[in-house]
Each structure stands twice: as C-alpha cells, then as structure tokens.
Amino acid sequence: MIDIKDLRKSFEDHEVLKGINLHINPKEVVVIIGPSGSGKSTLLRCMNMLEVPTSGKVVVDGIELNGEANINKAREEIGMVFQRFNLFPHMTVLENITLAPMKVRKISKEEAEKTAMELLNQVGLADKAEAYPPQLSGGQQQRVAIARALAMKPKVMLFDEPTSALDPEMVKEVLDVMKSLANKGMTMAIVTHEMGFAREVGDRLLFVDEGQIIEQGPPKDVFDNPKEERTKLFFSKIL
Amino acid sequence: MSFNFDLVIQSFPLLLLGAGITIKITALSVGLGMIIGMFVGIARISHVAPLRMLAAVYIDFLRGTPLLVQIFLIYFALPIMLDQRVDPFVAAITACGINSGAYVAEIFRAGIQAIDDGQMEAGRSLGMTWVQTMRYIIVPQAFKNIIPPLGNEFIALLKDSSLVSVIGFEELTRRGQLIIARTYGSLEIWLSVAVIYLAMTLAISRLVAYMEKRLKTS
C-alpha cells in the first residue's frame, strides 16, 4: 500500500531522514516510535508530501508521489490526523466533514451529509454536528478530525501524534476510535508515544532514531526483546 | 471675525450632493480595490515566482508613488498613450481603486499569513488543491481578521478621494472650492466640508466596529 525507497530529507544542512526503506502492506497497522527529533513525524509527513523529500521515492496505492496532479490524487486516498487537530474553526462539525468529499470527490451535499452523520455516529459525536470546533473538547475535536479524514473513504490513514495535545482523560476516547478503525482493517501508520496502544494495536513496531529505522518487528518482540542498543536505551528512559 | 450661518445652511444641500458623489467614488473604489487586493495579496504569497514578483512590483509602484501623481498619470498621461479621452469619473475610480488595491493586498497577505499553517496542511491532506484550500478555508478565516485594517483603509480612501478634485471631478472637496469661488466663504465652507468628512469617517468606523463584534460572536 505504501512503498518508500531510500527516502532522504534535509532541512538546510541538517539531514533528518537518512535513507528510509519501508513497505506497508494493506490492512497493516504500523506504529512508529522514537525520541523527539528522530525524524518520525517527518517520515510520516513524507507519506503524503506535506514534507517534500530531498530524494527518494514514495508510492502510495500505486501512485508515485511526484508532480502536483499525482500528489493531489494520492492524497484523496490518504487520510491524515494531526497532533493539533487542524479543524476548520469557521465551519460547523458537519461542514468540516462534508467539504472535501463535495469539492474533491464531487459527491452531492445530501450524500456527503449522510456519510458524515454515519461517521459522527461511529465516533460518538452525532449530537455535535451543528457545533463549531472551538466549542468542543480536545478529544471531541480529534474524533471529528478522524471522521473528517474518513469521509474521503481513504485507503490509508496517517496519524501524527494524535493524542499528544490532549488532556490525559481524553486520550482513551481517541485511541478507542483508532482501535476500532484498525479492527475494521484500515491500513494505518501511527506516530505515537502511547506504548500500551502500540503494543496492543500495532501489527508492526518501528523504532526510529537519528533519521533511520533502527529496529522493527511485532510490537511484543521489540518491546520484550529489543536487539539494538539504542532501542534498549530508549525503552530504559520511557518504560 | 464674522461667521455667516446662512451661507452654511444655503450651501449644505450642494455640499451633501458632493458628499454623495464622494461616497459613490469611495464605494466603487473600495470594491475595485478589494478585488484587486485579494488577488494581488494571494499572488504575493503563491509559489509561482513570476506571479509573486509581479505582485511585488504592483505593490511597490502604487505605494511608492503619490496618489495625486497616479491620478495625473491616468487622467492626463494615459489619454496620450491611448489617443483617447478618459472620463473623469472612470479616471477617479480607476486611480483610487488600483491604489487602494495595493494597500488591501498587503492587508490580505498579512491576514492570510496569520492563519495557522495547519489549516493549509489539513486542506491539502484532504486532497483539495491550493486554490480550493485558499478559497474555502484560508481566505474566509483571513477575512475575519482583517476587518479592522480594512476599515482603516476605507477611511483613508474616503479622505484621499478628495484628491480627485484636481481633475475637476465634483465630489465634496471640489464642490466646496466652487462655492468658495462664488461666495468667498472660506471659513464657513471648509468647516462644513470638514464636518461632513468627519461624519462619514465616523460612520464607517462605527460600522466596522459593529461588524467586528458580530463576527467575533459568530
């Protein structure tokens, strides 16, 4: 579903990604962890070209991400959830969710609203359809953001630290939505600090440090028997 | 010092007619300036380098030369180039509109750049194009933020529209001049003109304050 070959990214003279190779299969849930500044968010943002790589190749759902037209087309199939939600504050929850399907997928307002209400039901926020984002709690906003991304019926979902900006009591409601999404077979790439969630929901865990994938494997194996020194060091600091 | 109140009362209807024309020029110029300003402001931050440069040249030229000279250019110099007379009304609105467009462009640019980058990223990540994201997400939010500076720009334009009196266009200031030429009532007429301008600018600033308040609550 996602194929990354020798991906490199530099900001001025600082190389953040130093040659990443990664293949994500359909329905796979890949959790990316690592210290801050390791390049894990940059890696995720290269998967939909919000960050343009310095070199290397990214192919998503058979579309190589180069050129404006290809990138726009691929983005229709790639949902993204941000740390800071990035809901559109001047629109109601319902308008947030229906905008892109109507403008990009060109579906009718009725159909877009029907899908939006189904999604709001799924994330438990059907009663908030007419609310504006600033009126919602962080956890509610993030669930709306997930619904907004899902409304495009994407084939892949990217999550960039989706719970890092939340108050602790709201983390679970968001993780629960993500868990049910994983159970339904969505292909997901998740950057997170939620180790419990990574272990429970991830099919594969990626430990990234200094712009490289240091270690990867089934979460249980990596957590319980890390092979690399840097992985052990990281776990010793956080667990 | 003698103050001739009768002259004020006699002249007032004529001056108000002039004020009506001032409002008309200002309104049309504001409309033109807004349209130009929006596109130039967006061009100023687009990723198309030639567009960006063109917008910068436009803004620099119009902010770097006096409006009075721009009015002369359009009313006196342009007809020589076109070999055709330019109507004073058209010249007045064109000059004020394209001049205001440069200031509005800078207001728009600042308003757009004040919107969090995450908004553009969210729009783009949903598959919307840059233009779609600008149109549905960034510009509507920027509009809210730029109402106060836009209000200031409109007030400035209303006052600057007095400059078109030099091409003989009969707005408020020109009317005043003409009445004074007939009556020698400089004190009475210029005071009346000033009061009418003040009434109009105060009305605009009240209106802007009201709109700002309403948009803030929505």
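It should be noted that the structure appears before, not after, this text.
Everything quoted here is computed from the prediction, not taken from an experiment. (Residues numbered from 1 in each chain as written. Chains lettered and ligands numbered in written order. Predicted model: local features only at pLDDT ≥ 70, side-chain atom pairs only at ≥ 80, totals over all residues. Heavy atoms only, no water.)

1. Considering the overall build of chain A
For step 1, the next point in the chain: On a plain count of helices and strands, chain A comes out with nine helices and ten strands.
For step 2, the next point in the chain: Against the globule reference of 18 Å for 239 residues, chain A gives a C-alpha radius of gyration of 18 Å, in line with a compact fold.
For step 3, the next point in the chain: Judged by the C-alpha coordinates and their principal axes, chain A covers about 55 × 40 × 30 Å.
For step 4, the next point in the chain: Relative to its 239 residues, chain A shows a buried fraction of 56%.
For step 5, the next point in the chain: Relative to all contacts within chain A whose residues are 6 or more apart in sequence, the contacts with residues 24 or more apart total 64%.
For step 6, the next point in the chain: Accessible surface computed for chain A: about 10,500 Å², of which carbon and sulfur atoms make up 47%.
For step 7, the next point in the chain: The distance from the centre of the 31 positive side-chain charges to the centre of the 35 negative ones in chain A is 2 Å. (Helix = DSSP H or I, 4+ residues; strand = E, 2+ residues; numbered from the N terminus. Rg over C-alpha atoms; globule rule 2.2 N^0.38 Å. Buried < 20%, exposed > 50% of the residue type's maximum accessible area, 1.4 Å probe, protein only. Contact = heavy atoms within 4.5 Å. Areas by Shrake-Rupley, 256 points an atom, 1.4 Å probe, with all protein chains shown as cover. Lys, Arg positive; Asp, Glu negative; His and termini not counted. Charge placed at Lys NZ, Arg CZ, Asp CG, Glu CD.)

2. Structural notes on the overall build of chain B
For step 1, the next point in the chain: Looking only at helices and strands, chain B has eight helices and zero strands in total.
For step 2, the next point in the chain: For chain B, the succession of helices and strands along the chain, N to C, is α-α-α-α-α-α-α-α.
For step 3, the next point in the chain: Based on the C-alpha atoms only, the size of chain B along its principal axes is roughly 70 × 50 × 25 Å.
For step 4, the next point in the chain: Evaluated residue by residue, chain B yields a buried proportion of 47% over its 218 residues.
For step 5, the next point in the chain: Sequence separation of 24 or more characterises 75% of the internal contacts of chain B that already satisfy a separation of 6 or more.
For step 6, the next point in the chain: In the form shown here, chain B has an accessible surface area of approximately 11,300 Å², with 68% of it arising from carbon and sulfur atoms.
For step 7, the next point in the chain: Here chain B carries 17 positive and 14 negative side-chain charges, and the mean point of each set is 5 Å from the other.

3. Remarks on the sheet that holds strand 4 (residues 55-60) of chain A
Sheets are built from strands paired through backbone hydrogen bonds, the pairs being either parallel or antiparallel.
Residue and element names in this part refer to chain A.
For step 1, the next point in the chain: With antiparallel pairing, the four strands of this open sheet are ordered in space as 2-1-4-5. Edge positions in the open sheet fall to strand 2 (14-24) and strand 5 (63-64), since each of these has one partner strand only.
For step 2, the next point in the chain: Here strand 1 (residues 2-11) pairs with strand 4 via five bridges, running antiparallel. Within the sheet, the bridge partner assigned to Lys5 lies in strand 4 and is Lys57. (Pairing = 2+ DSSP bridges.)

4. Focus on the environment of Leu68 of chain B
All names here are of chain B.
For step 1, the next point in the chain: Position of Leu68 relative to the elements: it lies in helix 3 (residues 67-82).
For step 2, the next point in the chain: Residue Leu68 is classed as partly exposed on the basis of its relative accessible area of 30%.
For step 3, the next point in the chain: With 96 residues separating them in the primary sequence, Leu68 and Val164 have C-alpha atoms 7.8 Å apart.
For step 4, the next point in the chain: Discounting chain neighbours no more than four positions away, the residues touching Leu68 are Leu163 and Val166.

5. Regarding the pattern of salt bridges
Residues and elements named next belong to chain A.
For step 1, the next point in the chain: With the rule as written, the count across this model stands at 25 salt bridges over all chains.
For step 2, the next point in the chain: Across the salt bridge formed by Glu51 and Arg45, the nearest N and O atoms sit 3.0 Å from each other. The pair formed by Glu51 and Arg45 is uniform in burial state, with each residue classed as buried.
For step 3, the next point in the chain: The partner of Lys172 in a salt bridge is Asp176, with the nearest N and O atoms 2.9 Å apart. Here Asp176 and Lys172 lie together in helix 6 (residues 171-183), a separation of four residues that amounts to about one turn.
For step 4, the next point in the chain: Note on Lys172: relative accessible area 57%, which makes it exposed.
For step 5, the next point in the chain: Look at Asp176 and you get partly exposed, because its relative accessible area is 30%.
For step 6, the next point in the chain: Residues joined by salt bridges that share partners form a network here, namely Lys172, Asp176, Lys179 and Glu200. (Salt bridge = Lys/Arg side-chain N within 4 Å of Asp/Glu carboxyl O.)

6. Things to note about the packing of aromatic side chains
For step 1, the next point in the chain: Overall, the coordinates contain eight aromatic pairs over all chains when judged by the stated rule.
For step 2, the next point in the chain: When the ring of Phe234 of chain A is compared with that of Phe235 of chain A, the centres are 6.1 Å apart and the planes differ by 45°; the resulting orientation is tilted.
For step 3, the next point in the chain: Between Phe3 of chain B and Phe5 of chain B, the aromatic rings sit 5.3 Å apart at their centres with planes inclined by 65°, giving edge-to-face as the arrangement.
For step 4, the next point in the chain: Given a relative accessible area of 34%, Phe3 of chain B falls into the partly exposed group.
For step 5, the next point in the chain: According to the relative accessible area criterion, Phe5 of chain B is exposed, its value standing at 55%.
For step 6, the next point in the chain: One aromatic cluster is present, built from ring pairs that chain together Phe207, Phe223, Phe234 and Phe235 of chain A. (Phe/Tyr/Trp six-rings, centres within 6.5 Å; stacked < 30°, edge-to-face > 60°.)

7. Comments concerning the nonpolar core
For step 1, the next point in the chain: Among the nonpolar cores identified, the biggest contains 72 residues, and Ile4, Ile32, Met47 and Leu158 of chain A are the most heavily contacted of them.
For step 2, the next point in the chain: With eleven residues, helix 6 (residues 130-160) of chain B is the largest single contributor of residues to this core.
For step 3, the next point in the chain: Dropping the residues within four chain positions of it, Ile4 of chain A is found in contact with Ile20, Asn21, Leu22, Leu43, Met47, Lys57 and Val58 of chain A.
For step 4, the next point in the chain: Leu94, Leu175, Phe197 and Phe234 of chain A belong to the second largest nonpolar core, which has 49 residues in total. (Core = buried A, V, L, I, M, F, W, Y, C linked by side-chain atoms within 4.5 Å.)

8. With respect to the packing of helix 2 (residues 49-64) of chain B against helix 4 (residues 88-113) of chain B
Two packed helices can be described by the angle between their axes and the distance between those axes.
Residue and element names in this part refer to chain B.
For step 1, the next point in the chain: Interhelical geometry of helix 2 versus helix 4 gives an angle of 120° and a closest axis separation of 9 Å. Classified by the angle their axes make, helix 2 and helix 4 are oblique. Crossing handedness for the pair helix 2 and helix 4: left-handed. Listed contacts from helix 4 to Tyr58, Ile59, Leu62 and Arg63 of helix 2 are Ile98, Asn99, Gly101, Ala102, Tyr103, Ala105 and Glu106. (Axes fitted to C-alpha atoms, helices over the stretch in contact; angles between N-to-C directions. Parallel < 35°, antiparallel > 145°, perpendicular 65-115°, else oblique. Left-handed = near helix turned anticlockwise from the far one by under 90°.)

9. Description of the packing of helix 5 (residues 117-125) of chain B against helix 6 of chain B
All names here are of chain B.
For step 1, the next point in the chain: Closest axis-to-axis distance for the helix 5/helix 6 pair is 9 Å, and the angle between their directions is 140°. Seen from above, helix 5 lies across helix 6 with right-handed handedness. Contact residues: helix 5 offers Gln119, Met120, Gly123 and Arg124, while helix 6 offers Trp130, Thr133, Met134, Ile137, Ile138 and Gln141.
For step 2, the next point in the chain: Broken down by class, the residue content of the contact of helix 5 with helix 6 amounts to five nonpolar, four polar and one charged. (Nonpolar A, V, L, I, M, F, W, Y, C, P; charged D, E, K, R; others polar.)

10. Structural notes on a nonpolar patch on the surface
Residue and element names in this part refer to chain B.
For step 1, the next point in the chain: Taken together, the side chains of Met1, Phe3, Phe5, Ile9, Leu187 and Leu191 define a hydrophobic patch exposed on the protein surface, amounting to about 690 Å² of accessible area.
For step 2, the next point in the chain: For the nonpolar patch, the secondary structure elements donating two or more residues are helix 1 (5-44) and helix 8 (186-217).
For step 3, the next point in the chain: In this structure, Ile9 sits in helix 1. (Patch = residues over 30% accessible without salt bridge, like charges linked within 9 Å, V, L, I, M, F, W, Y side chains within 5 Å.)

11. A short note on the environment of Leu163 of chain B
For step 1, the next point in the chain: Residue position: Leu163 of chain B is located in the loop between helix 6 and helix 7 (172-183).
For step 2, the next point in the chain: On a C-alpha basis, the gap between Leu163 of chain B and Ile138 of chain B in space is 35 Å, while along the polypeptide they are 25 residues apart.

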